[in-house]
Amino acid sequence: MKYGLIGEKLSHSYSCEIHALIASYDYELKPLAKDEVAHFLQERDFCAINVTIPYKEVVIPYLDVISDEARAIGAVNTVVNKDGKLFGYNTDYYGIIALFEKANIDPSGKDALVLGTGGTAKTASAVLRALGAKSVSKVSRSKKDGAIDYDEARERKDTQIIFNATPVGMYPSDEQQPIDLRYFDNLEGVLHAIYHPLCTNLTLQAKDRGAKAIGGLYMLVAQAVYASRLFLGKDISDVRKDEIESVYEKILAQKQNVVLVGMPSSGKSTIGKRVARILEREFVDTDSEIEKKIEMPIADFFAKYGEAEFRKTESETVNEVSKKSAAVIATGGGAVLDQNNVNALKRNGKIVFLDRKLQDLVATKSRPLSSNTDDLKKLYEKRYPVYSACADVKIVNDASVNKAAYAIAKEFEK
(Lines give C-alpha, C1' and ligand atoms only; values in the text may rest on other atoms or scores of the structure.)
Protein backbone atom coordinates (compact mmCIF):
# COMPACT_ATOMS: atom_id res chain seq x y z
CA MET A 1 0.00 0.00 0.00
CA LYS A 2 1.36 3.42 -0.98
CA TYR A 3 -1.52 5.60 0.15
CA GLY A 4 -4.51 4.72 2.28
CA LEU A 5 -6.30 4.58 5.59
CA ILE A 6 -5.64 2.50 8.69
CA GLY A 7 -8.17 1.93 11.44
CA GLU A 8 -10.00 -0.83 13.23
CA LYS A 9 -13.26 -1.07 11.24
CA LEU A 10 -13.25 0.47 7.79
CA SER A 11 -16.04 -1.23 5.84
CA HIS A 12 -18.20 1.92 6.03
CA SER A 13 -15.43 4.30 4.94
CA TYR A 14 -15.93 6.76 2.08
CA SER A 15 -12.25 7.74 1.96
CA CYS A 16 -11.39 5.86 -1.24
CA GLU A 17 -14.10 7.67 -3.19
CA ILE A 18 -13.14 11.02 -1.70
CA HIS A 19 -9.43 10.72 -2.47
CA ALA A 20 -10.25 9.54 -6.00
CA LEU A 21 -11.93 12.91 -6.56
CA ILE A 22 -8.98 14.83 -5.10
CA ALA A 23 -5.89 13.23 -6.68
CA SER A 24 -4.75 10.45 -9.02
CA TYR A 25 -2.95 8.15 -6.57
CA ASP A 26 -4.43 4.77 -5.55
CA TYR A 27 -5.89 4.92 -2.04
CA GLU A 28 -6.56 1.72 -0.09
CA LEU A 29 -8.27 0.72 3.14
CA LYS A 30 -6.20 -1.34 5.57
CA PRO A 31 -8.05 -2.53 8.68
CA LEU A 32 -5.62 -3.33 11.51
CA ALA A 33 -6.01 -4.91 14.92
CA LYS A 34 -4.39 -2.90 17.70
CA ASP A 35 -1.48 -5.33 18.00
CA GLU A 36 -0.75 -4.93 14.27
CA VAL A 37 -0.32 -1.14 14.28
CA ALA A 38 3.23 -1.08 15.64
CA HIS A 39 4.54 -3.58 13.07
CA PHE A 40 2.83 -1.73 10.21
CA LEU A 41 4.42 1.57 11.19
CA GLN A 42 7.83 0.08 11.93
CA GLU A 43 7.93 -1.49 8.47
CA ARG A 44 7.35 1.97 6.95
CA ASP A 45 6.22 0.34 3.71
CA PHE A 46 3.96 3.19 2.60
CA CYS A 47 4.18 6.72 1.23
CA ALA A 48 1.42 8.34 3.28
CA ILE A 49 -1.63 7.27 5.26
CA ASN A 50 -4.61 8.59 7.13
CA VAL A 51 -5.39 7.24 10.59
CA THR A 52 -8.87 6.83 12.03
CA ILE A 53 -10.42 5.56 15.26
CA PRO A 54 -9.16 4.16 17.51
CA TYR A 55 -5.52 4.74 16.51
CA LYS A 56 -5.08 8.54 16.37
CA GLU A 57 -3.21 8.44 19.67
CA VAL A 58 -1.76 4.93 19.33
CA VAL A 59 0.43 5.90 16.34
CA ILE A 60 2.23 8.79 18.08
CA PRO A 61 5.11 6.83 19.73
CA TYR A 62 6.17 5.43 16.34
CA LEU A 63 6.59 8.81 14.63
CA ASP A 64 9.85 10.68 14.16
CA VAL A 65 8.43 14.18 13.76
CA ILE A 66 5.06 15.56 14.89
CA SER A 67 3.58 18.88 13.77
CA ASP A 68 3.00 21.56 16.40
CA GLU A 69 -0.80 21.24 16.08
CA ALA A 70 -0.78 17.46 16.39
CA ARG A 71 1.62 17.55 19.35
CA ALA A 72 -0.43 20.16 21.19
CA ILE A 73 -3.65 18.22 20.56
CA GLY A 74 -2.20 14.78 21.27
CA ALA A 75 -3.71 13.14 18.18
CA VAL A 76 -2.49 12.35 14.65
CA ASN A 77 -4.64 11.46 11.66
CA THR A 78 -2.11 11.86 8.82
CA VAL A 79 1.33 10.22 8.56
CA VAL A 80 3.76 10.96 5.72
CA ASN A 81 6.86 8.86 5.06
CA LYS A 82 9.68 11.21 4.05
CA ASP A 83 12.81 9.24 3.14
CA GLY A 84 12.16 6.70 5.88
CA LYS A 85 11.13 9.19 8.56
CA LEU A 86 7.50 9.32 9.66
CA PHE A 87 5.95 12.78 10.01
CA GLY A 88 2.65 13.10 11.87
CA TYR A 89 0.00 15.77 11.27
CA ASN A 90 -3.56 16.50 12.33
CA THR A 91 -5.64 17.56 9.33
CA ASP A 92 -8.81 16.86 11.36
CA TYR A 93 -8.04 20.22 12.98
CA TYR A 94 -8.55 22.01 9.67
CA GLY A 95 -11.49 19.76 8.81
CA ILE A 96 -13.31 20.71 12.00
CA ILE A 97 -12.65 24.42 11.43
CA ALA A 98 -14.14 23.97 7.94
CA LEU A 99 -17.14 22.17 9.49
CA PHE A 100 -17.88 25.11 11.78
CA GLU A 101 -17.64 27.47 8.82
CA LYS A 102 -19.88 25.29 6.64
CA ALA A 103 -22.55 25.16 9.36
CA ASN A 104 -22.19 28.89 10.07
CA ILE A 105 -21.74 28.12 13.76
CA ASP A 106 -19.62 30.62 15.70
CA PRO A 107 -18.47 29.25 19.09
CA SER A 108 -16.89 32.53 20.15
CA GLY A 109 -17.94 33.35 23.72
CA LYS A 110 -20.12 30.22 23.91
CA ASP A 111 -20.25 27.30 26.37
CA ALA A 112 -19.47 24.02 24.60
CA LEU A 113 -19.64 20.30 25.33
CA VAL A 114 -17.49 17.79 23.47
CA LEU A 115 -18.83 14.24 23.70
CA GLY A 116 -15.93 11.78 23.92
CA THR A 117 -12.31 11.79 25.05
CA GLY A 118 -10.45 10.21 22.11
CA GLY A 119 -8.33 11.81 19.40
CA THR A 120 -11.23 13.49 17.60
CA ALA A 121 -12.57 14.86 20.89
CA LYS A 122 -9.15 16.34 21.66
CA THR A 123 -9.05 17.92 18.23
CA ALA A 124 -12.58 19.34 18.51
CA SER A 125 -11.73 20.79 21.93
CA ALA A 126 -8.61 22.45 20.52
CA VAL A 127 -10.61 23.96 17.65
CA LEU A 128 -13.29 25.29 20.00
CA ARG A 129 -10.67 26.98 22.14
CA ALA A 130 -8.93 28.40 19.08
CA LEU A 131 -12.26 29.80 17.86
CA GLY A 132 -12.83 31.56 21.18
CA ALA A 133 -15.28 29.32 23.04
CA LYS A 134 -15.97 30.59 26.56
CA SER A 135 -15.77 27.09 28.06
CA VAL A 136 -15.12 23.60 26.69
CA SER A 137 -16.03 20.50 28.71
CA LYS A 138 -15.43 16.95 27.55
CA VAL A 139 -18.07 14.34 28.38
CA SER A 140 -17.42 10.66 29.03
CA ARG A 141 -19.25 7.83 30.76
CA SER A 142 -16.01 6.94 32.54
CA LYS A 143 -15.08 10.57 33.42
CA LYS A 144 -11.74 9.88 31.75
CA ASP A 145 -9.11 12.63 31.42
CA GLY A 146 -10.97 15.12 33.57
CA ALA A 147 -14.23 14.74 31.66
CA ILE A 148 -17.64 15.13 33.25
CA ASP A 149 -20.18 12.33 32.94
CA TYR A 150 -23.46 12.48 31.03
CA ASP A 151 -25.53 13.18 34.15
CA GLU A 152 -23.36 16.23 34.84
CA ALA A 153 -23.53 17.24 31.18
CA ARG A 154 -27.32 17.30 31.28
CA GLU A 155 -27.08 19.81 34.13
CA ARG A 156 -25.19 22.21 31.85
CA LYS A 157 -28.47 23.61 30.59
CA ASP A 158 -26.85 26.79 29.27
CA THR A 159 -24.71 24.83 26.80
CA GLN A 160 -24.84 26.44 23.37
CA ILE A 161 -22.56 24.20 21.27
CA ILE A 162 -22.30 20.39 21.28
CA PHE A 163 -19.73 18.45 19.27
CA ASN A 164 -20.21 14.68 19.16
CA ALA A 165 -16.83 12.98 18.82
CA THR A 166 -18.10 9.54 19.91
CA PRO A 167 -19.16 6.73 17.55
CA VAL A 168 -22.64 6.62 19.12
CA GLY A 169 -25.16 6.83 16.28
CA MET A 170 -22.71 5.56 13.68
CA TYR A 171 -23.57 2.78 11.20
CA PRO A 172 -24.75 0.10 11.82
CA SER A 173 -26.21 1.42 15.10
CA ASP A 174 -27.94 4.36 13.40
CA GLU A 175 -30.80 4.44 15.91
CA GLN A 176 -28.58 5.33 18.87
CA GLN A 177 -28.07 8.84 20.21
CA PRO A 178 -25.41 9.89 22.76
CA ILE A 179 -27.48 12.52 24.59
CA ASP A 180 -31.01 13.93 24.57
CA LEU A 181 -30.99 17.57 23.49
CA ARG A 182 -34.19 18.45 25.37
CA TYR A 183 -32.05 19.34 28.38
CA PHE A 184 -30.39 22.26 26.59
CA ASP A 185 -32.68 25.28 26.25
CA ASN A 186 -30.01 27.59 24.80
CA LEU A 187 -28.61 25.20 22.21
CA GLU A 188 -27.40 26.96 19.06
CA GLY A 189 -25.31 24.39 17.20
CA VAL A 190 -24.61 20.66 17.02
CA LEU A 191 -21.74 19.15 15.03
CA HIS A 192 -20.77 15.55 14.37
CA ALA A 193 -17.66 13.66 13.38
CA ILE A 194 -19.97 10.85 12.16
CA TYR A 195 -20.59 10.74 8.40
CA HIS A 196 -22.39 7.41 8.05
CA PRO A 197 -25.29 7.91 8.43
CA LEU A 198 -25.13 11.28 6.74
CA CYS A 199 -27.57 12.72 9.27
CA THR A 200 -27.74 11.19 12.76
CA ASN A 201 -30.68 11.25 15.15
CA LEU A 202 -28.76 13.83 17.18
CA THR A 203 -28.54 16.07 14.12
CA LEU A 204 -32.23 15.60 13.34
CA GLN A 205 -33.24 16.45 16.91
CA ALA A 206 -31.06 19.55 16.85
CA LYS A 207 -32.74 20.79 13.68
CA ASP A 208 -36.18 20.06 15.15
CA ARG A 209 -35.25 22.25 18.11
CA GLY A 210 -34.22 25.11 15.85
CA ALA A 211 -30.46 24.72 16.25
CA LYS A 212 -27.95 24.66 13.41
CA ALA A 213 -26.65 21.15 12.85
CA ILE A 214 -24.29 19.32 10.53
CA GLY A 215 -22.92 15.80 10.13
CA GLY A 216 -19.30 14.81 9.66
CA LEU A 217 -19.12 14.29 5.89
CA TYR A 218 -17.94 17.84 5.22
CA MET A 219 -15.24 17.48 7.88
CA LEU A 220 -14.15 14.17 6.33
CA VAL A 221 -13.83 15.76 2.89
CA ALA A 222 -12.06 18.87 4.18
CA GLN A 223 -9.45 16.96 6.17
CA ALA A 224 -8.88 14.68 3.16
CA VAL A 225 -8.14 17.66 0.92
CA TYR A 226 -5.61 18.93 3.45
CA ALA A 227 -4.14 15.44 3.91
CA SER A 228 -3.77 15.01 0.16
CA ARG A 229 -1.65 18.15 0.00
CA LEU A 230 0.66 16.65 2.63
CA PHE A 231 0.69 13.29 0.82
CA LEU A 232 2.01 15.01 -2.28
CA GLY A 233 4.46 17.31 -0.52
CA LYS A 234 2.45 20.45 -1.25
CA ASP A 235 1.62 23.49 0.85
CA ILE A 236 -1.68 23.21 2.72
CA SER A 237 -2.11 26.98 2.87
CA ASP A 238 -3.52 27.08 -0.67
CA VAL A 239 -6.50 24.78 0.02
CA ARG A 240 -9.59 26.52 -1.33
CA LYS A 241 -13.11 26.36 0.05
CA ASP A 242 -14.55 25.77 -3.43
CA GLU A 243 -12.31 22.71 -3.83
CA ILE A 244 -13.73 21.21 -0.63
CA GLU A 245 -17.28 22.15 -1.64
CA SER A 246 -16.95 20.50 -5.04
CA VAL A 247 -15.79 17.17 -3.63
CA TYR A 248 -18.36 17.32 -0.83
CA GLU A 249 -21.29 17.91 -3.17
CA LYS A 250 -20.23 15.02 -5.41
CA ILE A 251 -19.80 12.56 -2.54
CA LEU A 252 -23.06 13.63 -0.90
CA ALA A 253 -24.97 13.17 -4.17
CA GLN A 254 -23.36 9.74 -4.68
CA LYS A 255 -24.08 8.47 -1.17
CA GLN A 256 -27.54 9.86 -0.45
CA ASN A 257 -30.47 7.51 -0.85
CA VAL A 258 -33.25 8.61 -3.19
CA VAL A 259 -36.37 8.12 -1.06
CA LEU A 260 -39.70 8.26 -2.89
CA VAL A 261 -42.87 9.01 -0.93
CA GLY A 262 -46.40 9.67 -2.08
CA MET A 263 -49.89 8.30 -2.50
CA PRO A 264 -50.65 4.74 -3.55
CA SER A 265 -50.57 4.60 -7.39
CA SER A 266 -48.51 7.80 -7.63
CA GLY A 267 -45.83 5.86 -9.52
CA LYS A 268 -43.19 5.37 -6.82
CA SER A 269 -42.20 1.83 -7.83
CA THR A 270 -42.29 2.33 -11.59
CA ILE A 271 -40.47 5.65 -11.52
CA GLY A 272 -38.12 4.43 -8.80
CA LYS A 273 -36.94 1.55 -10.98
CA ARG A 274 -36.31 3.97 -13.84
CA VAL A 275 -34.36 6.33 -11.54
CA ALA A 276 -32.28 3.41 -10.31
CA ARG A 277 -31.36 2.52 -13.91
CA ILE A 278 -30.48 6.11 -14.75
CA LEU A 279 -28.26 6.51 -11.67
CA GLU A 280 -27.03 2.89 -11.77
CA ARG A 281 -28.15 2.21 -8.22
CA GLU A 282 -29.86 -0.53 -6.26
CA PHE A 283 -33.66 -0.30 -6.17
CA VAL A 284 -35.57 -1.25 -3.02
CA ASP A 285 -39.36 -1.30 -2.62
CA THR A 286 -40.38 -1.39 1.04
CA ASP A 287 -43.74 -3.01 0.26
CA SER A 288 -41.97 -5.82 -1.62
CA GLU A 289 -39.55 -6.24 1.29
CA ILE A 290 -42.49 -6.44 3.69
CA GLU A 291 -44.21 -9.10 1.60
CA LYS A 292 -41.04 -11.19 1.69
CA LYS A 293 -41.15 -10.99 5.49
CA ILE A 294 -44.84 -11.70 5.98
CA GLU A 295 -45.00 -14.23 3.11
CA MET A 296 -48.36 -13.03 1.86
CA PRO A 297 -49.86 -10.05 0.04
CA ILE A 298 -50.16 -6.91 2.17
CA ALA A 299 -53.94 -6.78 1.66
CA ASP A 300 -54.26 -10.29 3.12
CA PHE A 301 -52.03 -9.37 6.06
CA PHE A 302 -54.16 -6.28 6.71
CA ALA A 303 -57.33 -8.34 6.71
CA LYS A 304 -55.89 -11.00 9.00
CA TYR A 305 -53.82 -8.98 11.50
CA GLY A 306 -54.94 -5.36 11.15
CA GLU A 307 -53.21 -2.08 10.36
CA ALA A 308 -51.33 -1.73 13.67
CA GLU A 309 -49.45 -4.99 13.14
CA PHE A 310 -48.69 -4.04 9.56
CA ARG A 311 -47.27 -0.65 10.61
CA LYS A 312 -45.00 -2.41 13.09
CA THR A 313 -43.57 -4.61 10.35
CA GLU A 314 -43.35 -1.62 8.03
CA SER A 315 -41.31 0.35 10.57
CA GLU A 316 -38.90 -2.55 11.04
CA THR A 317 -38.44 -2.74 7.28
CA VAL A 318 -37.98 1.00 6.83
CA ASN A 319 -35.35 1.02 9.55
CA GLU A 320 -33.46 -1.78 7.83
CA VAL A 321 -33.46 -0.31 4.32
CA SER A 322 -32.66 3.20 5.59
CA LYS A 323 -29.19 1.95 6.59
CA LYS A 324 -28.32 1.57 2.91
CA SER A 325 -26.48 4.24 1.00
CA ALA A 326 -26.71 5.16 -2.69
CA ALA A 327 -30.00 3.28 -3.07
CA VAL A 328 -33.34 4.24 -4.61
CA ILE A 329 -36.08 3.44 -2.08
CA ALA A 330 -39.79 3.41 -2.90
CA THR A 331 -41.90 3.54 0.27
CA GLY A 332 -45.45 2.48 0.98
CA GLY A 333 -48.05 5.22 0.95
CA GLY A 334 -48.38 5.31 4.74
CA ALA A 335 -44.74 4.85 5.70
CA VAL A 336 -44.13 8.51 6.50
CA LEU A 337 -47.14 8.79 8.81
CA ASP A 338 -44.75 7.63 11.54
CA GLN A 339 -42.16 10.31 12.38
CA ASN A 340 -39.71 7.60 13.42
CA ASN A 341 -39.84 6.28 9.87
CA VAL A 342 -39.27 9.77 8.49
CA ASN A 343 -36.23 10.19 10.74
CA ALA A 344 -34.85 6.81 9.67
CA LEU A 345 -35.25 7.66 5.98
CA LYS A 346 -33.68 11.11 6.42
CA ARG A 347 -30.59 9.72 8.14
CA ASN A 348 -29.14 8.63 4.81
CA GLY A 349 -31.59 9.97 2.28
CA LYS A 350 -33.23 12.88 0.56
CA ILE A 351 -37.01 12.49 0.54
CA VAL A 352 -38.73 13.11 -2.79
CA PHE A 353 -42.50 13.61 -2.77
CA LEU A 354 -43.90 12.20 -6.00
CA ASP A 355 -46.92 14.46 -6.38
CA ARG A 356 -49.71 13.14 -8.60
CA LYS A 357 -53.13 14.75 -8.93
CA LEU A 358 -56.05 13.01 -7.25
CA GLN A 359 -57.86 12.46 -10.55
CA ASP A 360 -54.83 10.57 -11.88
CA LEU A 361 -54.63 8.17 -8.92
CA VAL A 362 -56.26 4.74 -9.16
CA ALA A 363 -58.15 2.88 -6.43
CA THR A 364 -57.41 -0.86 -6.39
CA LYS A 365 -58.49 -3.76 -4.19
CA SER A 366 -54.84 -4.68 -3.56
CA ARG A 367 -54.48 -1.49 -1.51
CA PRO A 368 -56.46 -1.91 1.74
CA LEU A 369 -56.89 1.78 2.56
CA SER A 370 -57.65 2.99 -0.97
CA SER A 371 -59.69 0.20 -2.49
CA ASN A 372 -62.43 2.54 -3.75
CA THR A 373 -62.67 6.11 -5.02
CA ASP A 374 -64.17 7.60 -1.84
CA ASP A 375 -61.52 6.09 0.42
CA LEU A 376 -58.80 7.21 -1.98
CA LYS A 377 -60.08 10.80 -1.86
CA LYS A 378 -60.18 10.83 1.96
CA LEU A 379 -56.69 9.36 2.10
CA TYR A 380 -55.37 11.97 -0.32
CA GLU A 381 -56.78 14.85 1.73
CA LYS A 382 -55.36 13.41 4.94
CA ARG A 383 -51.90 12.50 3.68
CA TYR A 384 -51.03 15.27 1.22
CA PRO A 385 -49.90 17.68 3.99
CA VAL A 386 -47.81 14.89 5.55
CA TYR A 387 -45.97 14.20 2.30
CA SER A 388 -45.36 17.89 1.75
CA ALA A 389 -44.07 18.42 5.28
CA CYS A 390 -41.51 15.59 5.24
CA ALA A 391 -40.23 16.07 1.69
CA ASP A 392 -36.95 17.70 0.76
CA VAL A 393 -37.99 17.85 -2.90
CA LYS A 394 -41.35 17.74 -4.68
CA ILE A 395 -41.57 16.28 -8.20
CA VAL A 396 -44.87 16.55 -10.04
CA ASN A 397 -45.76 13.34 -11.86
CA ASP A 398 -48.17 14.65 -14.48
CA ALA A 399 -46.57 13.38 -17.68
CA SER A 400 -44.35 10.44 -18.64
CA VAL A 401 -42.39 8.10 -16.40
CA ASN A 402 -39.18 9.29 -18.06
CA LYS A 403 -39.89 12.95 -17.38
CA ALA A 404 -40.41 12.36 -13.66
CA ALA A 405 -37.48 9.94 -13.43
CA TYR A 406 -35.01 12.30 -15.07
CA ALA A 407 -36.23 15.20 -12.92
CA ILE A 408 -35.53 13.13 -9.82
CA ALA A 409 -32.17 11.88 -11.11
CA LYS A 410 -31.09 15.46 -11.75
CA GLU A 411 -31.41 16.17 -8.03
CA PHE A 412 -28.77 13.51 -7.32
CA GLU A 413 -26.30 14.20 -10.12
CA LYS A 414 -23.41 16.51 -9.28
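Overview of the structure. (Residues numbered from 1 in each chain as written. Predicted model: local features only at pLDDT ≥ 70, side-chain atom pairs only at ≥ 80, totals over all residues. Heavy atoms only, no water.)

Here we take up the overall build of the protein chain. For the protein chain, the helix and strand inventory stands at 16 helices and 16 strands. Taking 2.2 N^0.38 as the reference for a compact globule, 414 residues should give roughly 22 Å; the C-alpha atoms of the protein chain span a radius of gyration of 24 Å, in line with that estimate. Along the longest, intermediate and shortest principal axes, the C-alpha atoms of the protein chain span 75 × 50 × 40 Å. By element, 46% of the accessible surface of the protein chain is carried by carbon and sulfur atoms, the whole surface being about 18,500 Å². Each charge sign in the protein chain was given a centre, from 58 positive and 58 negative side chains, and these centres are 2 Å apart. (Helix = DSSP H or I, 4+ residues; strand = E, 2+ residues; numbered from the N terminus. Rg over C-alpha atoms; globule rule 2.2 N^0.38 Å. Areas by Shrake-Rupley, 256 points an atom, 1.4 Å probe, with all protein chains shown as cover. Lys, Arg positive; Asp, Glu negative; His and termini not counted. Charge placed at Lys NZ, Arg CZ, Asp CG, Glu CD.)

Now for the packing of aromatic side chains. All told, the structure shown has 14 aromatic pairs when counted by the stated rule. Centre to centre, the rings of phenylalanine 40 and phenylalanine 46 are 5.2 Å apart; their planes meet at 5°, and the pair counts as stacked. Note on phenylalanine 40: relative accessible area 8%, which makes it buried. The buried category is assigned to phenylalanine 46, whose relative accessible area is 4%. Consider the rings of phenylalanine 353 and tyrosine 387, whose centres lie 5.3 Å apart with planes at 35°: the pair is tilted. Linking phenylalanine 353 in strand S15 (residues 349-355) with tyrosine 387 in helix H15 (residues 373-390), this pair joins segments that are 34 residues apart in sequence. Tyrosine 387 shares its class with phenylalanine 353; the two are buried. Aromatic ring contacts, followed pair by pair, group Tyr3, Tyr25, Tyr27 and Phe231 into a single cluster. Just above the ring of phenylalanine 87 sits the side chain of lysine 82; from NZ or CZ to the centre is 4.4 Å. (Phe/Tyr/Trp six-rings, centres within 6.5 Å; stacked < 30°, edge-to-face > 60°. Buried < 20%, exposed > 50% of the residue type's maximum accessible area, 1.4 Å probe, protein only. Lys NZ or Arg CZ within 6 Å of the ring centre and 35° of its normal.)

All right, on to the layout of surface pockets then. Quantified by volume, the largest pocket comes out at close to 1,100 Å³. Taken together, 44 residues form the lining of the largest pocket, with Ile53, Thr120, Ala165, Thr166 and Pro167 sitting closest to its centre. Within the residue set of the lining of the largest pocket, elements represented by two or more residues are strand S3 (48-51), helix H5 (119-130) and helix H8 (217-231). By residue number, the principal contributor to the lining of the largest pocket is H8, which donates three residues. (1 Å grid on protein atoms, 1.4 Å probe; cavity = no way out; pocket = protein on both sides within 12 Å on 5 of 7 lines; lining within 4 Å. Points joined across faces, edges and corners; volume = space filled by probe spheres on them.)

Before going further, it helps to spend a moment on the pairing of strand S14 (residues 327-330). Of the two faces of S14, both are covered, the one formed by Ala327 and Ile329 as well as the one formed by Val328 and Ala330. Note that strand S12 (residues 257-261) and S14 share three bridges and pair parallel. Across the sheet, the residue bridging to leucine 260 is alanine 330, located in S14. (Pairing = 2+ DSSP bridges.)

Another aspect to go through is the sheet that holds S15. Ordered by their spatial adjacency, five strands build an open sheet running S13-S14-S12-S15-S16, and the pairing between neighbours is parallel. Looking at strand neighbours, the two that pair on one side only are strand S13 (282-285) and strand S16 (393-396), the edges of this open sheet. For this sheet the average axis-to-axis angle between neighbouring strands, irrespective of direction, equals 25°. Against the sheet, helix H10 (residues 268-279) contacts S12, S13, S14 and S15, and its axis sits at roughly 165° relative to S13. (Axes fitted to C-alpha atoms, helices over the stretch in contact; angles between N-to-C directions. Contact = heavy atoms within 4.5 Å.)

The subject of this paragraph is the pairing of strand S8 (residues 135-139). Extensive coverage of S8 is indicated by the burial of four of its five residues. Pairing analysis gives five bridges linking strand S7 (residues 111-115) to S8, with the strands arranged parallel. Counted as the bridge partner of leucine 115 is valine 139 from S8. As for the winding sense of the linkage, the β-α-β connection from S7 through H5 to S8 is right-handed. (Right-handed = clockwise from strand over helix to strand, strands pointing away.)

On to helix H13 (residues 307-321). For H13, with 15 residues, the first-to-last C-alpha span of 21 Å sits near the 21 Å given by 1.5 Å per residue. Three or more residues of H13 are buried, namely Phe310, Arg311, Thr313, Glu314, Thr317, Val318 and Val321. The buried residues of H13 occupy one face: seen down the axis, they fall within an arc of 165°. (Expected span 1.5 Å × (residues − 1). Arc of directions from axis to C-beta.)

One open sheet holds the five strands; their spatial order is S8-S7-S9-S10-S11, and the pairing between them is parallel. For this open sheet the edge positions go to S8 and strand S11 (212-214), each flanked by a neighbour on one side alone. The sheet shows a mean angle of 15° between the axes of neighbouring strands, taken without regard to direction. Where S7 meets strand S9 (residues 161-164), four bridges bridge the pair, whose relative direction is parallel. The partner of leucine 115 across the bridge, within S9, is asparagine 164.

The subject of this paragraph is the nonpolar core. Counting residues in each nonpolar core, the largest one holds 56 residues, and the members touching the most others are Ile18, Phe100, Phe163 and Leu217. The dominant element in this core, judged by the number of residues it contributes, is H8, at twelve residues. Excluding residues within four positions of it along the chain, phenylalanine 100 makes contact with Ile105, Pro107, Val127, Leu128, Leu131, Ile161, Phe163 and Leu191. Core analysis: the second largest hydrophobic core is formed by 17 residues, Val261, Val342, Phe353 and Cys390 among them. (Core = buried A, V, L, I, M, F, W, Y, C linked by side-chain atoms within 4.5 Å.)

A word on the pattern of salt bridges. Pairing is possible between side chains that carry opposite charge, provided their charged atoms lie close to one another. Per the stated rule, a full pass over the model turns up 21 salt bridges. Two residues, lysine 255 and glutamate 17, come together in a salt bridge whose shortest N-O distance is 2.7 Å. Linking lysine 255 in helix H9 (residues 241-255) with glutamate 17 in helix H1 (residues 15-22), this pair joins segments that are 238 residues apart in sequence. Among the salt bridges present, the one from glutamate 381 reaches lysine 377, with a minimum N-O distance of 2.6 Å. (Salt bridge = Lys/Arg side-chain N within 4 Å of Asp/Glu carboxyl O.)

Keep in mind that these numbers describe shape and distance, not what the molecule does.
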